[in-house]
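Coordinate inspection notes
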Amino acid sequence: MNLDIRWPMGILFVLFGVLIGGYGALSDATPIGGLNVNLLWGCVLGAFGLAMLWLARRGARQE
Amino acid sequence: MIKLALIDWALLALYFAFVLGIGWWLKRHVRTSEDFFLSGRSMPAWVAGLAFMSANLGAQEVIGMAASGAKYGMATSHFYWVGAIPAMVFLAIFMMPFYYGSKARSVPEYLRMRFDEKTRGFNAISFAVMTVMSSGISMYAMGLLLNLLLGWDFNVSMWICAGIVLAYILLGGLTSAIYNEVLQFFLIVFGFLPLVLLGLRDIGGWSGLRSGLARVATDQGYASGAWSDSWQYLGSTTANPMGVEWFGLVMGLGFVLSFGYWCTDFLIIQRAMAAESMQAARRTPLVATVPKMLFPFLVIVPGMIAIALVHSGHGNFALPAKADGSLNYDLVIPVMLGRYFPNGLLGLGLTALIASFMSGMAGNVTAFNTVWTNDIYRPYIRPNASDSALLWMGRAATVVGVLLSLVAAYLAAAFNNIMDVLQLVFAFINAPLFATFLLGMFWRRANGHGAFTGLLAGTVVAAVHHGLTLPAHAVAGVKGGWLETMHIYPSEMAQNFWTAIFAFSGCFAVTVLVSLLFAAPERGTLRGLVYSETPHAAEESGSRWTRTTTLGLMALGAAVVLNLIFW
């Protein structure tokens, strides 16, 4: 395969995580039901993105 | 109407940029027609598997399954645990060796190798028309939803999305489409999971949901578990909101419709044909069974939460009504997005929805350009086309396919009934298909004349059955009964299941009879195409635990456990 999909996917989710999480941390909008869902979910997205990047790097090393 | 903030626009724009970027990156690797149509047969099983699952996961599926969750409750899971998993396992264990092993580039091409040219032509032409139509309907639904939800212009949103899809397929061919399907898969998971979590938190967890659903059921005159149990009330058609009984469900949905779709539809099989090896191709549907099994929690549960909230009056949750006063269940997902997601998450949810509309279109267009080029252009128009001519034709067919989809979208917008009728006709054509493949792969005596007349007969049987029956409370016409009403089914779903059962049986019987009237195919020609004529090379390498059969049985076992838990 000529492009490992995990690279672009990892980068996209890290960026999504940073944007959504950052927005949650900075905006003063009332949190929904007492939770800052943007901040929380931004962290989840970022972690998934990093995991993808890690897998992609591991895959590239094995080749 | 939902108001977007800058952050939501930024997320959407970022996604578009990535999609186009991936296409641009892949462009330099598309050199031959096999690269364009089959990703050079280079996909690892997990990528092909997620694309396989995702190609079926159009936005209509997400929206429709949430709507069914609200309408029918937990029994909607039958579309997954009964109507998908067994067929996917069957495909992996029994059928994939012939699809992949025959080196056919498409499902119609397999039909030509196994039967004859006319059987292939029938399948190729009806399939090509159908893909363009469903991609048009997907675009139309997207334009309508974005207009309703965000006030975007119907035309502008449709043309922009079609333009992006066109660009990335032209650049990267099937690989682009597959990569975007994988991306879309994760977007749907991460875009809708918070919806389920926040919804469950709001309604008081699973037990809160169950007690809410008990009220939904008793309000409508059913036993209290009718919305939260999947099998309990399938003994009679009047005990469950679907209006089906277990036999029609298992045979119609679980066998004929599900095997007919998962084992013969080129749109999804193409993803497995693009796999890097026979083992990867066989694992493709098995990889897909894992998310497929878990998806009910992601797409059906939001609908169940929504209807429970409506009936409890909790937090003034309401679903908009349709013109006739009934609830518009198709708006479950949009209404829930607006209720639970703040700006930020909203952009993510919206991106997931748009991504799945676009990949629905891309999946259809890539299947269309392959079938057109490989099964219509090459055999009937230019038999000696060079590989570069085929590649060129594939790109041209992509442009034409996108344009035809837009035409279909405008047709759908202008004449709703025409689309209903066309969809019905294709349902008739599809209903008998699995009988043809089953006999083709496992009965060497079946021949081309038998297969072709069997397909025609099955289609006619489906049409006649539909013309003679009617769902309860429906008016004769597009819903059935256009010949004469001889039988009334308790629901449209029951009628669909039985139409499929009749079509399959008709096709099966006629294929067998006609095949016996004509000469058997020559023995030497069936190698690699028919079960009994194909030497079963020692199964794949690896331990007993990682073999296709073992993995398939494990998937089946897991589906049984899920059915038992939610019995």
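Everything that follows concerns the structure shown earlier in this document.
Scope of this entry: the structure provided in the associated data block. Note that the coordinates shown come from a computational prediction; the quantities given were computed from them, not determined experimentally.

Things to note about the overall build of chain B
Looking only at helices and strands, one finds 22 helices and two strands in chain B. For chain B, whose C-alpha radius of gyration is 23 Å, the value lies close to the compact-globule estimate of 24 Å for 567 residues. In terms of overall dimensions, chain B has a C-alpha envelope of 70 × 55 × 55 Å along the principal axes. Expressed as a percentage of the 567 residues in chain B, the buried residues total 60%. Roughly 20,600 Å² of accessible area belongs to chain B as shown, and the carbon and sulfur atoms make up 66% of that amount. Considering chain B, the positive charge centre built from 31 side chains and the negative charge centre built from 26 side chains are found 7 Å apart.

Looking at the packing of helix α9 (residues 154-203) of chain B against helix α14 (residues 301-312) of chain B
Residues and elements named next belong to chain B. Two elements in contact, α9 and α14, have axes whose closest approach is 10 Å; the angle formed by their N-to-C orientations is 30°. Viewed along their axes, α9 and α14 adopt a mutual orientation that is roughly parallel. Seen along the crossing, α9 lies across α14 with a hand that is left-handed. Along its contact with α9, which presents L195, V196, G199, L200, D202 and I203, the element α14 presents V301, P302, I305, A308 and L309. In terms of residue class, the contact of α9 with α14 is made up of nine nonpolar, one polar and one charged.

Structural notes on the interface of chain A and chain B
In this complex, chain A contributes 25 residues to the contact, which on the side of chain B involves 34 residues. Around 2,800 Å² of area is buried between chain A and chain B when both sides are counted, 84% of it from carbon and sulfur atoms. Joining chain A to chain B, the criterion identifies zero salt bridges. Applying the counting criterion to the chain A and chain B interface returns four residue pairs in polar contact (both at pLDDT 80 or more). Contributing elements (two or more residues each) for the side of chain A that touches chain B: α1 (6-26) and α2 (37-62) of chain A. Looking at the side of chain A that touches chain B element by element, the count peaks at 11 residues for α1(A).

Observations regarding the nonpolar core
Core analysis: the biggest nonpolar cluster contains 195 residues, and Y15(B), Y99(B), F186(B) and F295(B) have the highest contact counts within it. When residues of this core are assigned to their parent elements, the largest contribution, 26 residues, is made by α9(B). Every residue in contact with Y15(B), bar those within four places of it in the chain, is listed here: L12(A), F16(A), N180(B), L183(B), L187(B), T351(B), A355(B) and M358(B). Membership of the second largest hydrophobic core comes to 13 residues, among which are L234(B), L249(B), A494(B) and F497(B).

Points about helix α16 (residues 345-381) of chain B
Residue and element names in this part refer to chain B. In this model α16 runs 50 Å from its N-terminal to its C-terminal C-alpha over 37 residues, within 8% of the 54 Å that 1.5 Å per residue would give. By the largest-angle criterion, W372 marks the main kink of α16, which is about 30°. Most of α16 is tucked away, with 32 of its 37 residues classed as buried.

Notes on the packing of helix α4 (residues 59-72) of chain B against α14(B)
Residues and elements named next belong to chain B. In the contact formed by α4 and α14, the axes pass within 7 Å of each other and the chain directions differ by 45°. By the angle between their directions, the pair α4 and α14 is classed as oblique. The two elements α4 and α14 cross, and the hand of that crossing is right-handed. For the pair formed by α4 and α14, the contact residues are A66, G69 and A70 on the first element and G303, M304 and I307 on the second.

Brief notes about a nonpolar patch on the surface
All names here are of chain B. Together, V407, L411, F415, I418 and L422 give the surface a local cluster of nonpolar side chains, amounting to about 390 Å² of exposed area. Listed by contribution, the elements that provide at least two residues to the nonpolar patch are α17 (387-414) and α18 (416-430). Within the secondary structure, L411 is located in helix α17. When its relative accessible area of 33% is taken as the criterion, L411 is described as partly exposed.

Digging into helix α6 (residues 85-101) of chain B
Residues and elements named next belong to chain B. For α6, built from 17 residues, the straight-helix expectation of 24 Å at 1.5 Å per residue is met to within 8% by its first-to-last C-alpha distance of 23 Å. Of all the bends found along α6, the most pronounced is centred on M95 and spans about 65°, while P97, a proline, follows it within four residues. Counting buried residues in α6 gives 13 out of 17 residues, a clear majority hidden from the surface. Positioned one or two residues after α6, K103 has a phi angle of 65°, which is positive.

Looking at the side chain of T459(B)
Residues and elements named next belong to chain B. Along the polypeptide, T459 turns up in helix α20 (residues 448-468). Of note is the side chain of T459, whose polar atom sits 2.9 Å from the backbone oxygen of L455. For T459, the residues in contact, after removing those within four places along its chain, are F122, F428, I429 and P432.

Describing the pattern of salt bridges
Residues and elements named next belong to chain B. A full pass over the atoms with the stated rule returns 10 salt bridges over all chains. Among the ionic pairs, E181 bridges to R271, the shortest N-O distance being 2.8 Å. Taken together, the residues E181 in helix α9 and R271 in helix α12 (residues 266-273) connect sequence positions 90 residues apart. Owing to a relative accessible area of 0%, E181 belongs among the buried residues under this scheme. For R210, the salt bridge identified is with D229, shortest N-O distance 3.5 Å. Here R210 is found in helix α10 (residues 205-219), whereas its partner D229 is found in the loop between α10 and α11 (246-262), with 19 residues between them in sequence. On the basis of relative accessible area, D229 is assigned to the buried category, the value being 12%. What you see here is one network of salt bridges that share partners, running through E117, R120 and D375.

As for the packing of aromatic side chains
Residues and elements named next belong to chain B. This structure, assessed with the given rule, holds 44 aromatic pairs over all chains. Ring geometry for W9 and W152: centres 5.2 Å apart, planes at 25°, overall stacked. Of this pair, W9 sits in helix α1 (residues 6-27) while W152 sits in the loop between α8 (117-150) and α9, placing them 143 residues apart in sequence. For W9, a relative accessible area of 42% corresponds to the partly exposed category. Plain terms: the ring middles of W81 and F566 are 5.7 Å apart, the flat faces sit at 35° to each other, and that makes the pair tilted. Taken together, the positions of W81 in helix α5 (residues 78-81) and F566 in the segment after α22 (548-565) put the pair 485 residues apart, joining distant regions of the chain. For the pair shown, W81 and F566 are each scored as buried. Cluster of aromatic residues (ring-pair linked, three or more members): F90, F94, F98, F255, F259, F434, F442, F504, F508 and Y531. R28 extends its terminal NZ or CZ atom over the ring of W24, reaching a point 5.7 Å from the ring centre.

Thresholds, definitions, all that
- Residues numbered from 1 in each chain as written.
- Chains lettered and ligands numbered in written order.
- Predicted model: local features only at pLDDT ≥ 70, side-chain atom pairs only at ≥ 80, totals over all residues.
- Heavy atoms only, no water.
- Helix = DSSP H or I, 4+ residues; strand = E, 2+ residues; numbered from the N terminus.
- Rg over C-alpha atoms; globule rule 2.2 N^0.38 Å.
- Buried < 20%, exposed > 50% of the residue type's maximum accessible area, 1.4 Å probe, protein only.
- Areas by Shrake-Rupley, 256 points an atom, 1.4 Å probe, with all protein chains shown as cover.
- Lys, Arg positive; Asp, Glu negative; His and termini not counted.
- Charge placed at Lys NZ, Arg CZ, Asp CG, Glu CD.
- Axes fitted to C-alpha atoms, helices over the stretch in contact; angles between N-to-C directions.
- Parallel < 35°, antiparallel > 145°, perpendicular 65-115°, else oblique.
- Left-handed = near helix turned anticlockwise from the far one by under 90°.
- Contact = heavy atoms within 4.5 Å.
- Nonpolar A, V, L, I, M, F, W, Y, C, P; charged D, E, K, R; others polar.
- Buried area = accessible area lost by both parts, 1.4 Å probe.
- Salt bridge = Lys/Arg side-chain N within 4 Å of Asp/Glu carboxyl O.
- Polar contact = N/O pair within 3.5 Å; in protein donor to acceptor, adjacent residues only side chain to side chain.
- Core = buried A, V, L, I, M, F, W, Y, C linked by side-chain atoms within 4.5 Å.
- Expected span 1.5 Å × (residues − 1).
- Bend = angle between axes of the 7 residues up to and from the residue.
- Patch = residues over 30% accessible without salt bridge, like charges linked within 9 Å, V, L, I, M, F, W, Y side chains within 5 Å.
- Phe/Tyr/Trp six-rings, centres within 6.5 Å; stacked < 30°, edge-to-face > 60°.
- Lys NZ or Arg CZ within 6 Å of the ring centre and 35° of its normal.

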